[in-house]
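Overview (structure and organization)
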Amino acid sequence: MPVIGIYNPVCGDQTAKSFFEEQVFPLCERYSISVSSILGTERVNHVGELVQQALEKTPVTEVLTIILGSGDGTLHEMINYLSSTELRGRAGIPPEIHLVIIPCGTANALFSSLFPADPGESSDTSSIEYRLQSLRSFIKGPDSHLVPLTLAITTLSSPPNTRLRPKAIASTVVVSTSLHASILHDSECLRDEMPGIERFKVAAEQNSTKWYNSSAKILPVASLGIVQLYDPDTKEFISHPDADEDDPFVDLYGPFAYFVSTVNVDRLEPAFRITPLAKDITPSEATCDLVVVRPFSDPTVSMDTPEAREIFSTKLWDIMKAAYENGNHINLQYDEEGNLTTEGEGPLVVEYIRCGGWEWIPDDMDDDAHLICLDGAISTIEKGGRAVCVAATPQAKAGFMVHG
């Protein structure tokens, strides 16, 4: 089975090359793993070009294993390049790729979800042994501990009168709008100055009082035919109360403060468990776990005013802090005075939804609502356009599997 190594030398703290030379390849040699080529990326989409070249040399009956030293963004880049490229010599047969992930990016959401640090211990996510766990899984057996990756396929559509072909983008971690998309958009300006996750917190402060005007349509889980909503009282998913057999779709109306959808992961940083039920109540099929915060769910918010936004921003930070507390934000409710609590039977602070996908239709007058984050890459929905995200798992013997 062919094995290649690829690293992104400029991702994260820019130490991927040295980590491969000093740790990854010596470990491969120790266990007699033959790595046919060792390549560093040099430009945008280079990772896709390198994998394409390797696949075209790989017999269609064989699996290509890639030891990938990068963050989530490089994997995103690779998958989208391959999805839009015709591979020579494969007669239309889709490739099967096994991934060994070496976390070298900033947040490393996929790796952190596959190998969560124990919150009860002083786990060092930067330690050598922690970062080598996917490789050690591969060393135990090339076909053992393989996890198939669900893809979130997001289609960005232009206004109907333009007649332009929609653009489809695949993600393996997160698709988001609202605050999270604004944070990722603004944090890029801080990357050189702050290569670590601290830049996200600075960008969050810059966007703390924004609300986002849009509507969303939530699509049912395919096998169930329903949209599910997490009930913090029973600690279970229930059928969404706004859907029925005649109309299984759920309409959500803004303004929104937070709208984050994930696949494959329960966290976006090692300790930030934004969608904890992705692991605690594991879905049996391809689904999106969606976390929504809408200010008008707060019983003390009745109008969109600068004062209301300022007051609500403090509550939003308390919600985000609770996500760092092993995902406790999903259990929060409002009391009659709008305070956050985990007791009583007040309105949900966080709407935690499990669904087959969703549609986002931003208000034409709200520029920030048109930003959409796809595994850290920012796109803009055209005025009059929309985004539709659907979860999908590739067919057997095709697509991507990761050593977890």
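Here the structure is a predicted model, which is why all the values come from computation and not from measurement.

Some words on empty space enclosed by the protein
Inspection of every chain in the model, using the stated rule, returns one cavity of 30 Å³ or more. Estimates place the volume of the largest cavity at around 70 Å³. Mapped onto the lining of the largest cavity, the elements with two or more residues apiece are strand 3 (64–70), helix 3 (72–83), strand 4 (96–103) and helix 4 (109–114). Its residues assigned to classes, the lining of the largest cavity comprises six nonpolar, three polar and one charged.

A look at the domain arrangement of the protein chain
By the assigned domains, the protein chain splits into domain 1 (3–144) and domain 2 (151–392). Once you take the C-alpha centre of each, domain 1 and domain 2 turn out to be 29 Å apart. Taken together, the 15 residues of domain 1 in the interface contact 24 residues of domain 2. Carbon and sulfur atoms make up 62% of the surface buried where domain 1 meets domain 2, a total of about 1500 Å² over both sides. If you look at where domain 1 meets domain 2, you find zero salt bridges. Linking domain 1 with domain 2 are four residue pairs in polar contact (both at pLDDT 80 or more), by the criterion used here. Of all the elements in the fold, those that place two or more residues in the side of domain 1 that touches domain 2 are helix 3 and helix 4. Per-element tally for the side of domain 1 that touches domain 2: the top contributor is helix 3, with six residues. Residue composition of the side of domain 1 that touches domain 2, grouped by class: six nonpolar, eight polar and one charged.

Observations concerning the pattern of salt bridges
Per the stated rule, a full pass over the model turns up 17 salt bridges. Notably, a salt bridge pairs aspartate 251 with lysine 217, separated by 2.8 Å at the nearest N-O pair. Taken together, the residues span a long stretch of sequence, with aspartate 251 in strand 12 (residues 250–253) and lysine 217 in strand 9 (residues 214–219) at a distance of 34 residues. By relative accessible area, aspartate 251 is classed as partly exposed at 32%. Taking the shortest distance from any N to any O, the salt bridge between lysine 315 and aspartate 298 comes out at 2.6 Å. With lysine 315 in helix 10 (residues 306–323) and aspartate 298 in the loop between strand 14 (288–293) and helix 10, this residue pair connects regions lying 17 residues apart in the sequence. Owing to a relative accessible area of 12%, lysine 315 belongs among the buried residues under this scheme. Among the residues examined, aspartate 298 registers a relative accessible area of 1% and is labelled buried. Overlapping salt bridges bring together Asp266, Arg267, Arg273 and Asp280 as one network.

Quick word on helix 2 (residues 46–57)
For helix 2, spanning 12 residues, the distance from its first C-alpha to its last is 17 Å, which sits close to the expected 16 Å at 1.5 Å a residue. Residues His46, Val47, Gly48, Leu50, Val51, Gln52, Ala54 and Leu55 constitute the buried set of helix 2.

Remarks on the pairing of strand 10 (residues 228–231)
Of the two faces of strand 10, the one lined by Gln228 and Tyr230 and the one lined by Leu229 and Asp231 are each fully buried. Summarising the sheet, strand 10 and strand 11 (residues 236–239) pair through four bridges and their orientation is antiparallel. Following the sheet pairing, glutamine 228 is matched in strand 11 by serine 239. Following strand 10, the chain reverses through four residues before pairing antiparallel with strand 11; lysine 235 in that reversal takes a positive phi of roughly 60°. Both strand 10 and strand 17 (residues 351–355) contribute to a ladder of two bridges, which runs antiparallel. Bridge pairing in strand 17 places leucine 229 opposite isoleucine 353.

Observations concerning the sheet that holds strand 9
Read from one edge of the open sheet, six strands run 7-6-21-18-9-12, paired in antiparallel fashion. The open sheet is flanked by strand 7 (167–171) and strand 12, the only strands paired with a single partner. The mean angle between the axes of side-by-side strands here comes to 20°, regardless of whether they run parallel or antiparallel. Here strand 9 runs beside strand 12; their pairing, made up of four bridges, is antiparallel. The residue bridging isoleucine 218 from the neighbouring strand is valine 250, located in strand 12. Here helix 3 sits on the sheet and contacts strand 6 (151–157) and strand 7; the angle it forms with strand 7, its principal contact strand, is near 135°.

Conventions used here
- Residues numbered from 1 in each chain as written.
- Predicted model: local features only at pLDDT ≥ 70, side-chain atom pairs only at ≥ 80, totals over all residues.
- Heavy atoms only, no water.
- 1 Å grid on protein atoms, 1.4 Å probe; cavity = no way out; pocket = protein on both sides within 12 Å on 5 of 7 lines; lining within 4 Å.
- Points joined across faces, edges and corners; volume = space filled by probe spheres on them.
- Helix = DSSP H or I, 4+ residues; strand = E, 2+ residues; numbered from the N terminus.
- Nonpolar A, V, L, I, M, F, W, Y, C, P; charged D, E, K, R; others polar.
- Domains from an automatic or database assignment.
- Contact = heavy atoms within 4.5 Å.
- Buried area = accessible area lost by both parts, 1.4 Å probe.
- Salt bridge = Lys/Arg side-chain N within 4 Å of Asp/Glu carboxyl O.
- Polar contact = N/O pair within 3.5 Å; in protein donor to acceptor, adjacent residues only side chain to side chain.
- Buried < 20%, exposed > 50% of the residue type's maximum accessible area, 1.4 Å probe, protein only.
- Expected span 1.5 Å × (residues − 1).
- Pairing = 2+ DSSP bridges.
- Axes fitted to C-alpha atoms, helices over the stretch in contact; angles between N-to-C directions.

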